[in-house]
Amino acid sequence: MENEVFKSDEFRKKLYLSKFEFFDGDEFITFNIVDVNTDRNQITVAVTNQGKISVITYDLITDDDGKLYFEYGHFYERVAIDDFEEVE
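Quick summary incoming for the structure in this document.

Cut-offs used in this document
Residues numbered from 1 in each chain as written. Predicted model: local features only at pLDDT ≥ 70, side-chain atom pairs only at ≥ 80, totals over all residues. Heavy atoms only, no water. Patch = residues over 30% accessible without salt bridge, like charges linked within 9 Å, V, L, I, M, F, W, Y side chains within 5 Å. Areas by Shrake-Rupley, 256 points an atom, 1.4 Å probe, with all protein chains shown as cover. Salt bridge = Lys/Arg side-chain N within 4 Å of Asp/Glu carboxyl O. Lys, Arg positive; Asp, Glu negative; His and termini not counted. Charge placed at Lys NZ, Arg CZ, Asp CG, Glu CD. Helix = DSSP H or I, 4+ residues; strand = E, 2+ residues; numbered from the N terminus. Buried < 20%, exposed > 50% of the residue type's maximum accessible area, 1.4 Å probe, protein only. Pairing = 2+ DSSP bridges. Contact = heavy atoms within 4.5 Å. Core = buried A, V, L, I, M, F, W, Y, C linked by side-chain atoms within 4.5 Å.

Turning our attention to a negative patch on the surface. On the surface, Asp 24, Asp 26, Glu 27 and Glu 77 cluster together into a patch of negative charge. Tracing the chain through its elements places Asp 24 in the loop between β1 (19-23) and β2 (28-37). Take Asp 24: its relative accessible area is 38%, and that puts it in the partly exposed class.

The structure is reproduced here in C-alpha coordinates:
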(Lines give C-alpha, C1' and ligand atoms only; values in the text may rest on other atoms or scores of the structure.)
Protein backbone atom coordinates (compact mmCIF):
# COMPACT_ATOMS: atom_id res chain seq x y z
CA MET A 1 0.00 0.00 0.00
CA GLU A 2 1.45 3.35 -0.99
CA ASN A 3 0.84 6.56 0.90
CA GLU A 4 0.26 9.30 -1.69
CA VAL A 5 0.57 12.12 0.85
CA PHE A 6 3.99 10.81 1.83
CA LYS A 7 5.13 10.98 -1.80
CA SER A 8 4.34 14.68 -2.23
CA ASP A 9 7.29 17.06 -2.52
CA GLU A 10 5.65 19.48 -0.08
CA PHE A 11 5.55 16.79 2.60
CA ARG A 12 9.19 15.82 1.98
CA LYS A 13 10.31 19.47 2.14
CA LYS A 14 8.44 19.90 5.42
CA LEU A 15 10.30 16.94 6.89
CA TYR A 16 13.77 18.07 5.75
CA LEU A 17 15.96 18.64 8.83
CA SER A 18 13.02 18.04 11.16
CA LYS A 19 14.26 17.16 14.63
CA PHE A 20 13.47 14.48 17.21
CA GLU A 21 15.22 13.88 20.54
CA PHE A 22 15.26 10.38 22.02
CA PHE A 23 16.44 9.51 25.54
CA ASP A 24 18.09 6.08 25.57
CA GLY A 25 18.40 5.86 29.36
CA ASP A 26 21.82 7.51 29.52
CA GLU A 27 21.98 10.26 26.90
CA PHE A 28 19.75 12.24 24.58
CA ILE A 29 20.14 11.25 20.95
CA THR A 30 19.09 13.77 18.30
CA PHE A 31 17.77 12.76 14.90
CA ASN A 32 17.49 15.15 11.94
CA ILE A 33 15.86 13.98 8.73
CA VAL A 34 18.15 14.35 5.73
CA ASP A 35 16.16 12.46 3.09
CA VAL A 36 13.07 10.34 2.66
CA ASN A 37 13.15 7.87 -0.23
CA THR A 38 9.64 6.63 -0.91
CA ASP A 39 10.72 4.38 -3.78
CA ARG A 40 12.97 2.33 -1.51
CA ASN A 41 10.90 2.97 1.65
CA GLN A 42 13.94 4.35 3.47
CA ILE A 43 14.77 7.36 5.60
CA THR A 44 18.20 8.93 6.02
CA VAL A 45 18.84 10.74 9.28
CA ALA A 46 21.75 12.56 10.89
CA VAL A 47 22.16 11.00 14.33
CA THR A 48 23.93 13.01 17.03
CA ASN A 49 24.97 10.74 19.89
CA GLN A 50 27.43 11.88 22.58
CA GLY A 51 28.83 14.58 20.29
CA LYS A 52 29.36 12.25 17.35
CA ILE A 53 27.33 12.79 14.18
CA SER A 54 26.55 9.88 11.88
CA VAL A 55 24.39 9.82 8.77
CA ILE A 56 22.46 6.56 8.71
CA THR A 57 19.77 5.11 6.44
CA TYR A 58 16.96 3.07 8.01
CA ASP A 59 14.11 1.09 6.52
CA LEU A 60 10.70 2.69 7.00
CA ILE A 61 8.05 0.46 8.50
CA THR A 62 4.28 1.02 8.56
CA ASP A 63 2.41 0.02 11.73
CA ASP A 64 -1.17 -1.25 11.92
CA ASP A 65 -2.50 2.34 12.09
CA GLY A 66 -0.66 3.34 8.91
CA LYS A 67 1.96 5.44 10.72
CA LEU A 68 5.55 5.36 9.52
CA TYR A 69 8.48 4.65 11.82
CA PHE A 70 11.99 3.21 11.88
CA GLU A 71 13.70 1.12 14.52
CA TYR A 72 16.78 2.39 16.37
CA GLY A 73 19.29 0.84 18.72
CA HIS A 74 19.87 -2.55 20.29
CA PHE A 75 16.30 -2.77 21.56
CA TYR A 76 14.74 -1.67 18.25
CA GLU A 77 13.01 1.37 19.74
CA ARG A 78 10.35 2.80 17.44
CA VAL A 79 11.01 6.32 16.19
CA ALA A 80 7.84 7.59 14.51
CA ILE A 81 8.01 10.12 11.70
CA ASP A 82 5.07 11.94 13.28
CA ASP A 83 7.22 12.63 16.38
CA PHE A 84 9.63 14.85 14.43
CA GLU A 85 9.21 18.61 14.77
CA GLU A 86 9.93 21.25 12.16
CA VAL A 87 13.07 23.29 12.77
CA GLU A 88 12.73 26.94 11.85
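The discussion continues.
This part covers the pairing of strand β3 (residues 42-49). Note on strand geometry: in a regular strand, side chains alternate between the two faces of the sheet. Pairing between β2 and β3: eight bridges, direction antiparallel. Pairing of Asn 32 across the sheet is with Ala 46, part of β3. Judged from the eight bridges that link them, β3 and strand β4 (residues 52-59) form a sheet pairing that is antiparallel. Paired with Val 47 across the two strands is Ser 54, which belongs to β4. Where β3 folds back onto β4 in an antiparallel hairpin, the turn is made up of two residues, including Gln 50, whose phi is positive at roughly 55°.

Take a nonpolar patch on the surface next. There is a patch of nonpolar side chains on the surface, built from Tyr 16, Leu 17, Val 34 and Val 55 and spanning about 370 Å² of accessible area. Among the structural elements, Val 55 can be located in strand β4.

Here we come to the side chain of Ser 18. Residue placement: Ser 18 occurs in the loop between α2 (9-15) and β1. When neighbours within four sequence positions are excluded, Ser 18 is seen to be in contact with Phe 31, Asn 32, Ile 33, Phe 84, Glu 85, Glu 86 and Val 87.

For the rest of this paragraph, the subject is the pattern of salt bridges. A side chain with one charge can pair with a side chain of the opposite charge if their charged atoms come near. What the rule picks out here adds up to one salt bridge. A salt bridge links Glu 21 to Lys 19; its shortest N-O distance comes to 3.6 Å. The partly exposed category is assigned to Lys 19, whose relative accessible area is 35%.

Looking now at the nonpolar core. Judged by nonpolar contacts, the single largest core of 18 residues is most densely connected at Phe 31, Ile 43, Val 45, Phe 70 and Tyr 72. Of all the secondary-structure elements, those providing two or more residues to this core are β1, β2, β3 and β6 (68-72). Tallying contributions element by element places β2 first for this core, with four residues. Other than its neighbours up to four places away in sequence, Tyr 72 contacts Phe 22, Ile 29, Phe 31, Val 47, Asn 49, Tyr 58, Glu 77 and Val 79.

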